[in-house]
Amino acid sequence: MEYRILGRTGVKVAPLCLGTDNFANPTPEAESIEIIERTLAAGINLIDTSNSYAKGESERIIGRALAANGRRHQVIVATKAHYPTGPGPNERGNSRLHLMQACEDSLRRLQTDYIDLYQLHRPSFDIPMDETLGALTDLVRQGKVRYIGSSTAPAWKVMEGLMVSELKGYVRFVSEQPPYNLLDRRIENELVPMCQAHGLGILPWSPLAMGILAGRYS
C-alpha cells in the first residue's frame, strides 16, 4: 500500500478510505465488522463515520469491532458532528454547546479516548466561525481530538475557517470532505485549487454517485 500524507499533517493514510454510512442501515453488524476486517487486512487505515449515521449505530459498530480486534491505535478514525442528536434546539449545529457534547457521545460510542479526525459534517452559517473553532481547539488541547476538518462546505467557508485560525491561533482544518464523482465535478472550480494552495487534504464522498456509476439503477 502506498500511503499519502493527510493535508499538512504527518499522518499517513491509504489512498482509499472506508466510508460507513451503510453500517446498520442497511448492512447488518456482522457483515459490517467483516468489512472492517477485510479493509484493515488490505492495508486501508482510515475509517470515516458520523454520529448521524444510523443514529450513532455506525460509530457503535466501529467501536465494538476495534475493541474486539485490538487495532484501535493502528486506525485513523474520522467522525463528524452537526446534524440533530435530539429534539432540542441546541442539539444540532456547530455551536460550542453542541460540539462539546457531541464529541463526548462519539467517544463513548467509539469506545475510545480520542478521535483522530473530527469533522464538521456541514457548515453552520448562523454560528460565528470563531465559536466553532474555539470549541474544536479546546477539544484538541484536551486530547480528545487530534485533527479537525470540514465536510461539504463551500470554498469561501473553508477559507474563512483557515483565516480565523490564523488570526486567533486556533487549530486549523487539515481536510475537506466534499461530494465528488464523474457526474458532479463542481469542486474543481474553486474548492480543489483552494485546498491545493493551502495544503488541505480532500476526502471525496459519493465517488460512485450513490451507486449510479456502479450500475445500481437501470
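The structure this text deals with has already been given above.
Quantities reported herein were computed from a predicted structural model and do not represent experimental measurements. (Residues numbered from 1 in each chain as written. Predicted model: local features only at pLDDT ≥ 70, side-chain atom pairs only at ≥ 80, totals over all residues. Heavy atoms only, no water.)

*Asks:* Would you mind going over the pairing of strand 8 (residues 173–177) in detail, with residue names and values included?
*Replies:* In terms of burial, strand 8 is largely enclosed, as 5 of its 5 residues are buried. Inspection of the sheet shows strand 7 (residues 145–151) paired to strand 8 by 4 bridges, in the parallel sense. Looking at the pairing, Ser-151 lines up with Gln-177 of strand 8. Pairing between strand 8 and strand 9 (residues 201–202): 2 bridges, direction parallel. Across the sheet, the residue bridging to Glu-176 is Ile-202, located in strand 9. (Buried < 20%, exposed > 50% of the residue type's maximum accessible area, 1.4 Å probe, protein only. Helix = DSSP H or I, 4+ residues; strand = E, 2+ residues; numbered from the N terminus. Pairing = 2+ DSSP bridges.)

*Asks:* Got a sec to walk through a nonpolar patch on the surface? Specific residues and values, please.
*Replies:* A grouping of Leu-182, Leu-183, Leu-208, Ile-212, Leu-213 and Tyr-217 is seen on the molecular surface, where their side chains present a nonpolar patch of about 640 Å² in accessible area. On the secondary structure map, Leu-182 appears in the loop between strand 8 and helix 6 (191–198). Exposure remark for Leu-182: the relative accessible area of 68% places this residue in the exposed category. (Patch = residues over 30% accessible without salt bridge, like charges linked within 9 Å, V, L, I, M, F, W, Y side chains within 5 Å. Areas by Shrake-Rupley, 256 points an atom, 1.4 Å probe, with all protein chains shown as cover. Salt bridge = Lys/Arg side-chain N within 4 Å of Asp/Glu carboxyl O.)

*Asks:* Explain the nonpolar core to me, using residue names and the numbers behind them.
*Replies:* Judged by nonpolar contacts, the single largest core of 38 residues is most densely connected at Ile-36, Tyr-118, Leu-136 and Phe-173. Among the elements that take part in this core, helix 3 (residues 96–110) stands out by supplying 5 residues, more than any other. Apart from the residues within four sequence positions on either side, Tyr-118 is in contact with Thr-79, Lys-80, Ala-81, Leu-99, Ala-102, Cys-103, Leu-136, Leu-139, Val-145, Tyr-147, Ile-148 and Gly-149. (Core = buried A, V, L, I, M, F, W, Y, C linked by side-chain atoms within 4.5 Å. Contact = heavy atoms within 4.5 Å.)

*Asks:* Let's hear about helix 2 (residues 57–69): which residues, and what values?
*Replies:* Between its terminal C-alpha atoms helix 2 stretches 18 Å, which fits the 18 Å expected from 13 residues at 1.5 Å a residue. All buried positions along helix 2 are accounted for by Ser-58, Glu-59, Ile-61, Ile-62, Gly-63, Ala-65 and Leu-66. (Expected span 1.5 Å × (residues − 1).)

*Asks:* Residue-level account of the environment of Tyr-147, with values.
*Replies:* Here Tyr-147 lies in strand 7. For the pair formed by Tyr-147 and Thr-9, sequence separation is 138 residues and the distance between their alpha carbons is 8.6 Å. Once you skip the residues sitting within four places of it in the chain, Tyr-147 turns out to touch Thr-9, Val-11, Asp-116, Leu-117, Tyr-118 and Val-174.

*Asks:* Residue-level account of the pattern of salt bridges, with values.
*Replies:* One pass over the structure, following the stated rule, counts 14 salt bridges. In this structure, the salt-bridge partner of Arg-64 is Glu-29, at a minimum N-O distance of 2.9 Å. Linking Arg-64 in helix 2 with Glu-29 in helix 1 (residues 29–41), this pair joins segments that are 35 residues apart in sequence. A relative accessible area of 32% places Arg-64 in the partly exposed class.

*Asks:* Explain the packing of aromatic side chains to me, and be specific about the residues and the numbers.
*Replies:* Using the criterion set out here, one finds 1 aromatic pair in the structure. Ring centres of Phe-125 and Trp-156 lie 6.0 Å apart, and the angle between their planes is 35°; this geometry places the pair in the tilted category. Taken together, the residues span a long stretch of sequence, with Phe-125 in the loop between strand 6 (115–120) and helix 4 (129–141) and Trp-156 in helix 5 (residues 155–168) at a distance of 31 residues. Both residues of the pair, Phe-125 and Trp-156, count as exposed. (Phe/Tyr/Trp six-rings, centres within 6.5 Å; stacked < 30°, edge-to-face > 60°.)

*Asks:* With reference to specific residues and values, describe the environment of Lys-80.
*Replies:* Checked against the element boundaries, Lys-80 lands in strand 5 (residues 76–81). On a C-alpha basis, the gap between Lys-80 and Gly-149 in space is 8.8 Å, while along the polypeptide they are 69 residues apart.

*Asks:* Got a sec to walk through helix 6? Specific residues and values, please.
*Replies:* Side chains three or four residues apart in an α-helix point the same way, a direct result of the helix having 3.6 residues per turn. Restricting attention to buried positions, one finds in helix 6 the residues Leu-191, Val-192, Met-194 and Cys-195. In a view along the axis of helix 6, the buried residues occupy a sector of 165°, so they form one face of it. Set apart from the buried face of helix 6 by more than 90 degrees, the exposed residues are Gln-196 and Ala-197. Check the buried side of helix 6 and you find it contacts helix 5, strand 8 and strand 9. Of the residues trailing helix 6, Gly-199 is marked for its positive phi of about 75°. (Arc of directions from axis to C-beta.)

*Asks:* Describe the sheet that holds strand 9, with residues and values.
*Replies:* The strand order 3-4-5-6-7-8-9 describes an open sheet built from 7 strands, whose pairing is parallel. With partners counted over all chains shown, the strands left at the sheet margins are strand 3 (18–19) and strand 9, one partner each. Each of strand 5, strand 6 and strand 7 touches helix 3; the most contacted strand, strand 6, lies at about 140° to it. (Axes fitted to C-alpha atoms, helices over the stretch in contact; angles between N-to-C directions.)

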